[in-house]
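# Understanding the architecture of this molecule
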Amino acid sequence: MKILVVEDEAMLREGLVDLLEGAGHEVISTADGLLAEQAATAEPFDLILLDLCLPGLSGIEVCRRVKKVRPAQPILMLTAKGSEDDKVSGLEAGADDYVTKPFGPRELLARIGSIYRRLEASPVSAEDLSADGCLLHLGRCEIERDGEAQALTAREVGILRWLHRHRNRAVSRAELLENVWGSRGDLQTRTVDMTIAKLRQKIERDAAKPRIVITVTGVGYAWGDC
Ligand code: CA
């Protein structure tokens, strides 16, 4: 894979580059948030490893800007131990997963492997769905309502895919966290609610009265029968 490493601690950055090159990846590295944004918007990477506290531009902002241009760009955040808020804001900014510092080489390579497998497992061919007057182009991370197109994040596409695949039943927040976020149980369910609130703003005719992603009281969410 071609990987962009964004980390301002020189020792850690060099260690990451050595580790990833040693595992056969092509690696480009930078210590600066703005340079990272430039590199990542100029060309796609198979993966970006992104530190959160950076000179130039914060990791969260880099993540947000890159995901705006490339919604499907996989990003793995490097977060400090115990900073639950960092994890939540990073995931809300569109990051696909995170590892907590300090991490061992095996943990990092395992996490990279799991992101890679998830990408391989999600079909790249276009999947076009239509729901309540909204066209959902899942393959290209885009929706269209009333002739207006809007980009979806990879996470939003993941939620839509999961709910549609299991459209005959309600899906719990924990199930979404596990299957769409690939989380290990340390994320909070409010992350799901906030992501779905944003998704509804994009796809629903009226986000206050959702018909595509509906709430099932006491359970979670379901694909609306529309
Ligand atoms: Ca840092």
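Look up a bit, the structure's there.
Calculation notes
- Residues numbered from 1 in each chain as written.
- Predicted model: local features only at pLDDT ≥ 70, side-chain atom pairs only at ≥ 80, totals over all residues.
- Heavy atoms only, no water.
- Core = buried A, V, L, I, M, F, W, Y, C linked by side-chain atoms within 4.5 Å.
- Buried < 20%, exposed > 50% of the residue type's maximum accessible area, 1.4 Å probe, protein only.
- Helix = DSSP H or I, 4+ residues; strand = E, 2+ residues; numbered from the N terminus.
- Contact = heavy atoms within 4.5 Å.
- Donors = N, O, S within 2.8 Å, 3.2 Å for Na, K, Ca; no water.
- Axes fitted to C-alpha atoms, helices over the stretch in contact; angles between N-to-C directions.
- Parallel < 35°, antiparallel > 145°, perpendicular 65-115°, else oblique.
- Left-handed = near helix turned anticlockwise from the far one by under 90°.
- Nonpolar A, V, L, I, M, F, W, Y, C, P; charged D, E, K, R; others polar.
- Pairing = 2+ DSSP bridges.
- Expected span 1.5 Å × (residues − 1).

Moving on: the nonpolar core. Across soluble globular proteins, you tend to see nonpolar side chains buried next to one another. In terms of nonpolar packing, the biggest core is built from 47 residues, with Ile48, Leu136, Leu160, Leu176, Trp181, Ile203 and Val213 touching the most fellow members. The element that contributes the greatest number of residues to this core is helix α6 (residues 154-165), accounting for five residues. If we ignore the near neighbours within four places in the chain, the residues touching Leu160 are Leu136, Leu138, Leu152, Leu199, Ile203, Val213 and Trp223. Grouped together as the second largest cluster of nonpolar side chains are 15 residues, Leu47, Leu76, Val99 and Ile112 included.

Attention shifts here to the coordination of the calcium ion. The protein atoms donating to the calcium ion are Asp8 (OD), Asp51 (OD) and Cys53 (O), with metal-donor distances spanning 2.1 to 2.4 Å. Donor residues for the calcium ion, ordered by position in the chain, follow D-x42-D-x1-C. For Asp51, a relative accessible area of 4% gives the class buried. Among the residues examined, Cys53 registers a relative accessible area of 61% and is labelled exposed.

With their axes 10 Å apart at the nearest point, helix α2 (residues 33-42) and helix α3 (residues 59-69) run at an angle of 15° to one another. Classified by the angle their axes make, α2 and α3 are roughly parallel. In this structure, the crossing between α2 and α3 has a hand that is right-handed. Contact residues: α2 offers Gly33, Leu34, Ala36, Glu37, Ala40 and Thr41, while α3 offers Val62, Arg65, Val66 and Val69. Split into classes, the residues belonging to the contact of α2 with α3 amount to six nonpolar, two polar and two charged.

Attention shifts here to the pairing of strand β12 (residues 220-223). Where a strand is regular, its side chains alternate between the two sheet faces. Sheet topology places strand β10 (residues 171-172) next to β12; two bridges connect them, and they run antiparallel. When the sheet's bridge partners are listed, Val171 is paired in β12 with Tyr221. Direction of pairing for strand β11 (residues 213-216) relative to β12: antiparallel, over a ladder of four bridges. Each residue of the ladder has a partner; that of Val213, found in β12, is Trp223. Linking β11 back to β12 in an antiparallel pair, the connection comprises three residues, with Gly218 at a positive phi of about 85°.

Attention now goes to the sheet that holds strand β7 (residues 134-137). The four strands are arranged β6-β7-β8-β9 in an open sheet whose pairing can be described as antiparallel. In this open sheet, the two strands that pair with only one neighbour each are β6 (128-131) and β9 (148-151). If you compare each strand with its neighbour and ignore which way they point, the axes differ by 20° on average. Two elements, β6 and β7, share four bridges in a ladder whose sense is antiparallel.

The subject of this paragraph is the packing of α6 against helix α8 (residues 190-203). Orientation of α6 relative to α8, taken along the N-to-C sense of each, is 85°, at an axis distance of 10 Å. Classified by the angle between their axes, α6 and α8 sit roughly perpendicular to one another. Between α6, through Arg155, Glu156, Ile159 and Leu160, and α8, the contact on the second element is made entirely by Thr195, Ile196, Lys198, Leu199, Lys202 and Ile203.

This part is about α6. With 12 residues, α6 extends 16 Å between its outermost C-alpha atoms, agreeing within 8% with the 16 Å of an ideal straight helix rising 1.5 Å per residue. A large share of α6 lies buried, amounting to nine of its 12 residues. Arg155, Glu156, Val157, Gly158, Ile159, Leu160, Arg161, Trp162 and Leu163 are the residues of α6 that are buried.

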